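What the coordinates show
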Amino acid sequence: MAEITFKEYFDALLEGKLVGLKCQDCSAITCPPKNTCNECGSYNLERTTLSGRGKIMTFTSTYIPPSGYEKEAPFVIGMVKLEEGPWIIGRIDIAPGKADELSGKLIGRDIEVSGKEFPSEQFYPDKDRRVVPIFKMIDK
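Residues numbered from 1 in each chain as written. Predicted model: local features only at pLDDT ≥ 70, side-chain atom pairs only at ≥ 80, totals over all residues. Heavy atoms only, no water.

Some words on the sheet that holds strand E8 (residues 130-137)
- One closed barrel holds the five strands; their spatial order is E4-E5-E6-E8-E7, and the pairing between them is mixed. Each strand of the sheet is rotated relative to its neighbour by a mean of 45 degrees, with strand direction disregarded.
- Where strand E4 (residues 53-62) lies against strand E7 (residues 110-118), three bridges are found, and the strand directions are antiparallel. Residue pairing across strands places Lys 55 opposite Asp 110, the latter belonging to E7.
- Sheet strands touched by helix H1 (residues 6-14): strand E6 (87-92), E7 and E8. Its angle to E7, the strand with the most contacts, is close to 115 degrees. (Pairing = 2+ DSSP bridges. Helix = DSSP H or I, 4+ residues; strand = E, 2+ residues; numbered from the N terminus. Axes fitted to C-alpha atoms, helices over the stretch in contact; angles between N-to-C directions. Contact = heavy atoms within 4.5 Å.)

Okay, structure coming up:
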């Protein structure tokens, strides 16, 4: 059984890499990492480096943030389907007003994943840092 700690996952994001786990039983990719395959529940996983590319599937502009995120608002949260299959959540690197203006035209846009470090907050398990996946749109 391969394992990726969240520290390793977030360190890789900060280096512009995306890591996940490939199931040796059903070939599904699990990202972010966890102990079992998202598809079949197997523990027979192998560490893999993903392309870091995907498509925006949905998003929302956040103007009134949850507690602890007031200094970061406004921001845009999105769900991205990676080329390898899994969906991950993160922030889209776009101003909320621009995202609202583009609206449905953002859906399906190609992105690349990286990471950005933010100050930790009271509900986050790592009190030293908080790393967030950042989705940068690829112009074609």
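Structural notes on unusual backbone geometry
- The linkage connecting Cys 31 with the following residue, Pro 32, adopts the cis geometry, with an omega of -5 degrees.
- Structurally, Pro 32 is set in the loop between strand E2 (29-30) and strand E3 (45-50).
- Ala 73 connects to Pro 74 through a cis peptide bond whose omega is -5 degrees.
- The phi dihedral of Ser 27 falls on the positive side, at around 75 degrees, and the residue is not glycine.

Structural notes on the side chain of Ser 61
- With respect to the secondary-structure elements, Ser 61 resides in strand E4.
- Owing to a relative accessible area of 16%, Ser 61 belongs among the buried residues under this scheme.
- In this structure, Ser 61 is in contact with Phe 75, Val 76, Pro 96, Ala 99 and Asp 100, ignoring residues within four places of it in sequence. (Buried < 20%, exposed > 50% of the residue type's maximum accessible area, 1.4 Å probe, protein only.)

Considering the side chain of Glu 121
- Assignment of secondary structure puts Glu 121 in the loop between E7 and E8.
- There is a polar contact of 3.0 Å between the side chain of Glu 121 and the side chain of Tyr 69. (Polar contact = N/O pair within 3.5 Å; in protein donor to acceptor, adjacent residues only side chain to side chain.)

Comments concerning the nonpolar core
- Of all hydrophobic cores here, the largest spans 30 residues; its most connected members are Tyr 9, Leu 18, Leu 82, Ile 88 and Val 113.
- Contributing elements (two or more residues each) for this core: H1, strand E1 (18-23), E3, strand E5 (75-82), E6, E7 and E8.
- Beyond its immediate chain neighbours, meaning those up to four positions away, Ile 88 contacts Tyr 9, Leu 18, Cys 31, Pro 32, Gly 78, Met 79, Val 80, Leu 82, Val 113 and Phe 135. (Core = buried A, V, L, I, M, F, W, Y, C linked by side-chain atoms within 4.5 Å.)

Some thoughts on the packing of aromatic side chains
- With the rule as written, the count across this model stands at three aromatic pairs.
- Chaining the aromatic ring pairs together yields one cluster made of Phe 6, Tyr 9 and Phe 10.
- Above the ring of Phe 75, the side-chain terminus of Arg 91 is found at 3.9 Å from the ring centroid.
- When the ring centre of Phe 118 is taken as reference, the NZ or CZ atom of Arg 91 above it lies at 4.7 Å. (Phe/Tyr/Trp six-rings, centres within 6.5 Å; stacked < 30°, edge-to-face > 60°. Lys NZ or Arg CZ within 6 Å of the ring centre and 35° of its normal.)

Brief notes about the confidence of the model for the protein chain
- Residues at a pLDDT of 70 or more form 99% of the protein chain, whose mean pLDDT is 93.
- Averaged pLDDT values for the elements of the protein chain fall to 93 in H1 and rise to 98 in E5. (pLDDT = per-residue confidence, 0-100.)

Section: the sheet that holds E2
- What the three strands build is an open sheet, ordered E2-E1-E3; its pairing is antiparallel. Each having just a single partner strand, E2 and E3 make up the two edges of the open sheet.
- Relative to E3, E1 runs antiparallel, the two sharing six bridges. Each bridged residue has a counterpart across the sheet, and for Val 19 the counterpart in E3 is Thr 49.

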